[in-house]
Amino acid sequence: MKYKKSLLSRIFDVFNYTFLGLFACTAILPFLYVLACSFSSEKEILERPFYIIPRNVQLAAYKYIFSSPTLPRAFMISVFVTITGAATAMFLTLTLAYPLSKKYLLGRKVLLSLISFTLVFGGGMIPTFLVIKDLGMLNKFWALILPGAISTWNLLVVKNFFQELPQELEDSARVDGCSSLGTFIRIVLPLSMPVIATFTLFYAVGYWNDYRSSLLYITDNKKWPLQLVLRQIVLMAAGNIDGATFDAAYTQPPLEASKNAVIVFGTVPILVVYPFLQKHFVKGIMIGAIKG
Amino acid sequence: MNGTSLQVAGKKGSKPKKILTMIKKDIWLYILLIPGVLHYIIFKYLPMWGILIAFKDYNAYLGFFDSPWVGFKHFSEFFSNPDFKRLLSNTLIISFYNLIFGFPAPIIMALMLNEVRKEWYKRTIQTLVYIPHFISWVIIASLTYTIFNSQGVINKYMIQMGRESTIPFLTDSRYFRAMIVGQTIWKETGFGTIIYLAALSNVDPQLYEAAIIDGANRFRQLWHITLPAIRSTVVTLLILRLGHILDNGFDQIFLMSNSLNRKVSEVFDTYVYIIGITKGAFSYSTAVGLFKGVIGIILIYSANWLAKKVGESGIL
């Protein structure tokens, strides 16, 4: 539909396009700057205010962080927790969401309201900590994986998705002699691949970014995942955090470039999966936006 | 929703037997439920039961059951503690700022994006503004330090522009709230637009065509068509937000606080951590957490009631 634009309308368009463009730039520029700094000399970082292309590229920072075992170890722990966590979380979410999507299931209503209640009220940090402690999970990787393994919000979205699947498909499978477990595995799961992909990635991002669980449950700093080590290196070196045990390896504050290299380490895996993630998550959010 | 109760009510006769055959028919579904239900029992409902230690003097040697009951001792201690007023005002002020600046930001941005007619431009902008949502608070705090510390980008520019001294963005308590709100807006605004854009994509384009024929300019169209289309989404998200007004997000505040800005940066969540985990006052900090949780639940139910009162569907 074409119509003549008024002057006011044109001015608005110019402002709108510019403002959105600038905001989008701020979303990505800090990362580009940190990336550039991680390849720069200390002198350049001190002298130039902002740049995204270093004058002379060097790898000293990366050599430095690989020279101690701390960072590679933390990286591997994070990778392990992320993979195991995302798999556990998906298993629990799918197996719980499927029965809850069956409206004829006895007791479904009670279970759903008990589950939804956890969205508005919870035990809080200390009682949860004591439960984890009493289960003997302190300083175990399970403490990083299990407590957050079901996000109620994700569960309800997946449940709604299952509910929308055509019931006829499952009925015909049952007529052909498939048990409800068989129907779930052979018919429902293959149809749910986009949803499975979305939430696996959501959970993976959550596990990768999580540092609170390790702050609470992991006191042995040899078992720290990347985010906690990162906090230690970058924020404690800035003299800005108190009340936590300082890892002896970092009493010598690392150079600026190394700090930036560590930030790059914490970010790059997310930016690598992001293009795959982006294809799906908008749809995932939209399924969730529909109440059911 | 009420399929179960209707079916059960509809079947007369020996009810227990009927229930048993129904369970047997769906036995696999019940087996599938087990791991997830166990998870909720252990990690969600067991801690809720553990809240009882707020009314006890929890002692690790005596354990949960044998620690003595003390009634509301920890609560009265907390309410008479000078920390209480400071925590409450810090928590509310940060939430209030996030509400008035952070909440409308994605709405405004969604409305702006909705006016972009060039598809490629719109898609590029969206791809970029979603990114910060997926970055951890540790990284975001680190980026903030890199950019705002005394040798950071901003201060270096200011020195070059001729300023004598650097601005202590990170350590002066005057800047703390602005930094927090700024971070939140930067991180979540883009992602927050998704849900509003979804609501906007459901608007029938014929409405706009009719409005144009009636001579409505873009601002009239916005007022009469676009805004009403996102009204219920706005209300729903506002209810959710109000229910969590005492949650400032532990991660962000904890990472940005330091001994120099403590007076404005300490909120309920960080206080519970410091008193409970690092100082070991389990009962007292559980009482603080419970106070917060109960106020939260009251807020969320009242906001929901209010939403229904003004003719919206609410969330509960």
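Bear in mind that the values here come from a model prediction, so they are computed numbers and not experimental data.

Moving on, we get to the interface of chain B and chain A. Taken together, the contact between chain B and chain A spans 102 residues of the former and 107 residues of the latter. Across the chain B to chain A interface the summed buried area is about 9,400 Å²; carbon plus sulfur atoms make up 74%. Scanning the region where chain B abuts chain A turns up 2 salt bridges. Across the chain B-chain A interface, the total number found is 19 residue pairs in polar contact (both at pLDDT 80 or more). Of the residues in the side of chain B that touches chain A, the class split is 65 nonpolar, 26 polar and 11 charged.

Residues and elements named next belong to chain B. Where helix H12 (residues 205-213) meets helix H13 (residues 218-243), the axes come as close as 11 Å, and the angle between the chain directions of the two elements is 150°. Overall, the two elements H12 and H13 adopt an arrangement that is roughly antiparallel. The hand of the H12/H13 crossing is right-handed. The segment H12 lies against H13, with Leu 207, Tyr 208, Ala 211 and Ile 212 engaging Gln 221, Ile 225 and Thr 226. Across the contact of H12 with H13, the residue classes break down as 5 nonpolar, 2 polar and no charged.

As a further point, take empty space enclosed by the protein. All names here are of chain A. In total, this model carries 4 cavities of 30 Å³ or more according to the counting rule given. There is about 60 Å³ of room inside the second largest cavity. Of all the elements in the fold, those that place two or more residues in the lining of the second largest cavity are helix H4 (70-100) and helix H11 (193-209). Considered class by class, the residues forming the lining of the second largest cavity number 5 nonpolar, 2 polar and 1 charged.

The next subject is the domain arrangement of chain B. Considered domain by domain, chain B is made up of domain 1 (13-43) and domain 2 (53-308). One C-alpha centre belongs to domain 1 of chain B, the other to domain 2 of chain B, and the line joining them spans 40 Å.

Take the pattern of salt bridges next. For the structure on display, the rule yields 16 salt bridges over all chains. Between Glu47(A) and Lys43(A) there is a salt bridge, with the nearest N and O atoms lying 3.9 Å from each other. Of the two residues, Glu47(A) and Lys43(A) are both situated in helix H2 (residues 42-47); the distance of 4 residues between them amounts to about one turn of the helix. What makes Glu47(A) partly exposed here is its relative accessible area of 46%. Taking relative accessible area as the criterion, Lys43(A) reaches 57% and is therefore assigned exposed. Salt-bridge contacts for Glu115(B) lead to Arg218(B); the nearest nitrogen and oxygen are separated by 3.0 Å. One end of the pair, Glu115(B), is in the loop between helix H7 (104-114) and helix H8 (119-130); the other, Arg218(B), is in helix H13, and 103 residues separate them in sequence. The class of Glu115(B) is buried, set by a relative accessible area of 11%.

Basis of the calculations
- Residues numbered from 1 in each chain as written.
- Chains lettered and ligands numbered in written order.
- Predicted model: local features only at pLDDT ≥ 70, side-chain atom pairs only at ≥ 80, totals over all residues.
- Heavy atoms only, no water.
- Contact = heavy atoms within 4.5 Å.
- Buried area = accessible area lost by both parts, 1.4 Å probe.
- Salt bridge = Lys/Arg side-chain N within 4 Å of Asp/Glu carboxyl O.
- Polar contact = N/O pair within 3.5 Å; in protein donor to acceptor, adjacent residues only side chain to side chain.
- Nonpolar A, V, L, I, M, F, W, Y, C, P; charged D, E, K, R; others polar.
- Axes fitted to C-alpha atoms, helices over the stretch in contact; angles between N-to-C directions.
- Helix = DSSP H or I, 4+ residues; strand = E, 2+ residues; numbered from the N terminus.
- Parallel < 35°, antiparallel > 145°, perpendicular 65-115°, else oblique.
- Left-handed = near helix turned anticlockwise from the far one by under 90°.
- 1 Å grid on protein atoms, 1.4 Å probe; cavity = no way out; pocket = protein on both sides within 12 Å on 5 of 7 lines; lining within 4 Å.
- Points joined across faces, edges and corners; volume = space filled by probe spheres on them.
- Domains from an automatic or database assignment.
- Buried < 20%, exposed > 50% of the residue type's maximum accessible area, 1.4 Å probe, protein only.

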